[in-house]
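# Survey of secondary and tertiary structure
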There are 2 protein chains.
Amino acid sequence: MARVLTPRAEDFPRWYQDLISKAELADNGPVRGTMVIRPTAYAIWERMQADMDTRIKAAGAENAYFPLFIPESYLKREAEHVEGFSPELAVVTHGGGKQLAEPVVVRPTSETVIGEFMAKWVDSYRDLPLLLNQWANVVRWEMRPRVFLRTSEFLWQEGHTAHATEADAKDYTLKIHHEVYERHMRDLLAIPVVLGRKTNRERFAGATSTYTLEAMMGDGKALQMGTSHELGQNFAKAFDIGYSSQAGTREFAWTTSWGTSTRMLGGLIMCHGDDNGMRIPPALAPVQALVTVVKETDGSITSAARTLVEDLAAAGVRVKLDDRVDTPFGRRAVDAELKGYPIRVEVGPRDLAEGRVVLVRRFDGSKTPLQLGEAVGAVTAALEADQKALYDEALARREANTVEVSTLDEAMEAAGTGWARVPWSAVGVDGEALANERAITVRCLFRADGSIPASQDEPDLTAILARSY
Amino acid sequence: MARVLTPRAEDFPRWYQDLISKAELADNGPVRGTMVIRPTAYAIWERMQADMDTRIKAAGAENAYFPLFIPESYLKREAEHVEGFSPELAVVTHGGGKQLAEPVVVRPTSETVIGEFMAKWVDSYRDLPLLLNQWANVVRWEMRPRVFLRTSEFLWQEGHTAHATEADAKDYTLKIHHEVYERHMRDLLAIPVVLGRKTNRERFAGATSTYTLEAMMGDGKALQMGTSHELGQNFAKAFDIGYSSQAGTREFAWTTSWGTSTRMLGGLIMCHGDDNGMRIPPALAPVQALVTVVKETDGSITSAARTLVEDLAAAGVRVKLDDRVDTPFGRRAVDAELKGYPIRVEVGPRDLAEGRVVLVRRFDGSKTPLQLGEAVGAVTAALEADQKALYDEALARREANTVEVSTLDEAMEAAGTGWARVPWSAVGVDGEALANERAITVRCLFRADGSIPASQDEPDLTAILARSY
Ligand SMILES: [Zn+2]
Ligand SMILES: [Zn+2]
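Notes on the structure follow. Since the structure is predicted, the reported quantities are computational estimates derived from the model, not experimental observations. (Residues numbered from 1 in each chain as written. Chains lettered and ligands numbered in written order. Predicted model: local features only at pLDDT ≥ 70, side-chain atom pairs only at ≥ 80, totals over all residues. Heavy atoms only, no water.)

Pairing is antiparallel in the open sheet, where six strands are placed in the order β4(A)-β6(A)-β5(A)-β5(B)-β6(B)-β4(B). In this open sheet, the two strands that pair with only one neighbour each are β4 (69–71) of chain A together with β4 (69–71) of chain B. Within this sheet the neighbouring strands show an average axis-to-axis angle of 45°, counted without direction. Taken together, the four bridges between strand β5 (residues 90–95) of chain A and strand β6 (residues 98–106) of chain A define a ladder with antiparallel strand orientation. When the sheet's bridge partners are listed, V91 of chain A is paired in β6 of chain A with V105 of chain A. (Pairing = 2+ DSSP bridges. Helix = DSSP H or I, 4+ residues; strand = E, 2+ residues; numbered from the N terminus. Axes fitted to C-alpha atoms, helices over the stretch in contact; angles between N-to-C directions.)

All names here are of chain B. Overall, mixed pairing links the five strands, which are arranged β16-β15-β17-β18-β19 in an open sheet. Of all the strands in the sheet, just β16 (319–322) and β19 (367–371) have a single pairing partner and so form its edges. Within the sheet, the average angular offset between the axes of one strand and its neighbour, ignoring direction, is 25°. Here strand β15 (residues 289–293) pairs with β16 via four bridges, running parallel. Opposite V291, over in β16, you have L321 as the bridge partner.

So, on to the packing of helix α9 (residues 300–314) of chain A against helix α12 (residues 375–400) of chain A. All names here are of chain A. Here α9 crosses α12 at 50°, and the two axes come no closer than 10 Å. Judged by the angle between their axes, α9 and α12 are oblique. Handedness of the crossing formed by α9 with α12: right-handed. Across the interface between the two elements, L308, D311 and L312 from α9 touch A375, V376 and V379 from α12. The residue makeup of the contact of α9 with α12, split by class, is five nonpolar, no polar and one charged. (Parallel < 35°, antiparallel > 145°, perpendicular 65-115°, else oblique. Left-handed = near helix turned anticlockwise from the far one by under 90°. Contact = heavy atoms within 4.5 Å. Nonpolar A, V, L, I, M, F, W, Y, C, P; charged D, E, K, R; others polar.)

Let us look at the packing of aromatic side chains. Using the criterion set out here, one finds 22 aromatic pairs over all chains in the structure. Seen in terms of ring centroids, F66 of chain B and W121 of chain B are 5.9 Å apart; in terms of plane orientation they differ by 45°. Their pairing is tilted. One end of the pair, F66 of chain B, is in the loop between β3 (62–63) and β4; the other, W121 of chain B, is in helix α5 (residues 111–121), with 55 residues separating them in the sequence. Residue class for F66 of chain B comes out buried when judged on its relative accessible area of 1%. Of the aromatic side chains, those joined through ring pairs into one cluster are F66, F117 and W121 of chain A. Here the basic side chain of K221 of chain A rests over the ring of Y469 of chain A, its NZ or CZ set 4.8 Å away from the ring centre. Lying over the aromatic face of Y74 of chain B, R77 of chain B brings its terminal NZ or CZ to 4.7 Å of the ring centre. (Phe/Tyr/Trp six-rings, centres within 6.5 Å; stacked < 30°, edge-to-face > 60°. Buried < 20%, exposed > 50% of the residue type's maximum accessible area, 1.4 Å probe, protein only. Lys NZ or Arg CZ within 6 Å of the ring centre and 35° of its normal.)

Residue and element names in this part refer to chain B. The protein atoms that coordinate the zinc ion (ligand 2) are H178 (ND1) and E182 (OE), at distances of 1.9 to 2.0 Å. Residue H178 and its partner E182 are both found in helix α6 (residues 166–188); the two are separated by four residues, about one turn of the helix. With a relative accessible area of 21%, E182 lands in the partly exposed category. (Donors = N, O, S within 2.8 Å, 3.2 Å for Na, K, Ca; no water.)

Purely geometric stuff here, so don't read any function into it on its own.
Next comes the structure, spelled out in structure tokens:
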């Protein structure tokens, strides 16, 4: 097969851009840093949304929608929050042909405006917990944009909750982190993630604790796939989210927020993609099996392919027919590899004359001739196997590219090509600042048993150091 | 039951506002004209989206996502378009802490930016038709905002398609209009709609034909529930959406656009709502049946209610348990009426002692005692009957409040309280201008057989004149 993409080993960023363009996933928008998500990628995003939404609802949160426009004054009420977001804001100064009395920012995130309404809706302890989520676009002006990974506008879900106690807020944040995010990434995206705590330096602007899920990409760098935050009483005090307790006293609520975005599409590409294109995990793939008519003779090939499509659909497989026989077979095969359909079934005259079709697995490129009668069973088995195989391969790569070290110098050395696991005590806040100067960050901290610490000051924590997106 | 809402007959706009507030559907946002869609209303919107999305995909369109921000220069390329939208634009002048070289508008609609990308993606007749849709927020600065009906930001779907011929473009626009919009409104929302053509005066800025679906609200006014536009070659020429034909010549494409929005939530409230609150059609309702524990004695009432909830769920009913027995029953009943659950099943000690429950239909307020064993069958039958009953009632109201007249004066008189059906020839463009001065508009034009005309200049057209939202 001719070389379609720049090989990953040659130039990973260029491979990524090539792939996004040739698989028709996205385009750059006309305003710097914005993107157009094309149908091929958007269909994947819709399946991510559906799965995530189901999990969020199962965790008890309800969807709502809050305004895109936020008064500039709202952001200023939480000091760290405004400091963190000010450099990234898009500001609307004119509306309806007139200069606005107060400039309005396009939401970079919605803690402030949602805080304002939580304050209106929460009155008594009976109104808590208040568990909200919204699917929305947000804007953070990007100086060095890269499609899906860093864009001036992106799509996401942002959960916002208010609780009566700090313990409740913590429990719920960790529940979302484990039961919604980790499972979504593991079971649907087939991406192994390390859960941990962000250092104070890397914490969300306005949070008391930020939890992250970090994944290793094909080039050994880390990608933050999602974050969940305990906001303490910072926003509750700034927006007066108070409630009367069972004992009759007036208390401030404890709030949380948590988000995942179209950035996961970038993670998906960079975790599973190979030199021929995307590899979409079968559980996620909008089209799991592409049945390809290799070429047509008297109409019987397409007819056999159609029957197979029907049989696969009846077996619950998301299947599509490629009968564009006026386009060369080779070109269609290259396109299918680029788009990453998990399974191709090639139906051609020569094989069909002997009652056979060929099963092509995107995972490893293997081609297996099959009797037509075996095809449905073989496809469903391959879909299940390759979901697991992609996860296992990603996990093995992460293990192979993670080095256990004991000093900061060794960690910075290892982080040049992969991840370093190092005692946090060997890094510390000074070591972290030093690593940052070399474009290496502390991705997260976790305890010896893998659990998430309550503070970066706990003893015996392990840190992951890496370069990142 | 105590009066909860201002009665419709006393003050319809106040009834609407009361209802939106007391049923916890929405709040005004902090920036003028924006809204917060609360979970109760958002859950309805999600079901509208799911149904609409399925129909749009069945019509062959694929979802994509285009940027929120559009360069100001794009809007100026189509003269009528920019003239129509300029007064309503929100303009971003600062991004990332700097003044922007070119101001950016927040999309009021996406014909321009999508046109730009259609031009990139379409090359040959083989690339046509190109059928796209997006779910997005849009901004049109509102001077006289009203929640759901006219808001500075609203949520919608906007379809955008490009075709090789004018006939294809027309056929597809009408297909969307009939097969997607009309059926969605009729079969899911139980709202009868009149399909017709907008006059040239009421046409979308940049379109050659605008088709509308008009519904009568509870006060006799009209609401435009959705519109579909043929854009001719206006945008194709402005954005150079060209293709090489089968004959090898270079041609401009023909484009269309079509949209429905959260405004439909306002239509739903004003079409079906009564003096006690919303009435949600069963097919649409996120919760179709509320099983209410009237009061508890020894735990057996709640236990019986739970069993009924399980049985209803097993029968495919979307059901919810109300076991908040510490809140007075009367208050819960008022809340259920406000929120418009189609069916309530009241489970109380006295009835249950005799093996009975009470079925309350929101449609007509009727209360029917039932043997527990009959409950599931009665609920499913009532859900089906009341979906139809709401439609029939709305249709009967529309007929009763539509007057057939033959002169403009009579039409303007009739439009004071309802709709007027009048020969378009008796109105004409001068009559239309005159009616507009009295806040009466021509809602649409149709032929004697009800079909949609190709121009307002066809003979023998009928016009609907009415006040509107
Ligand atoms: Zn976990
Ligand atoms: Zn029709």
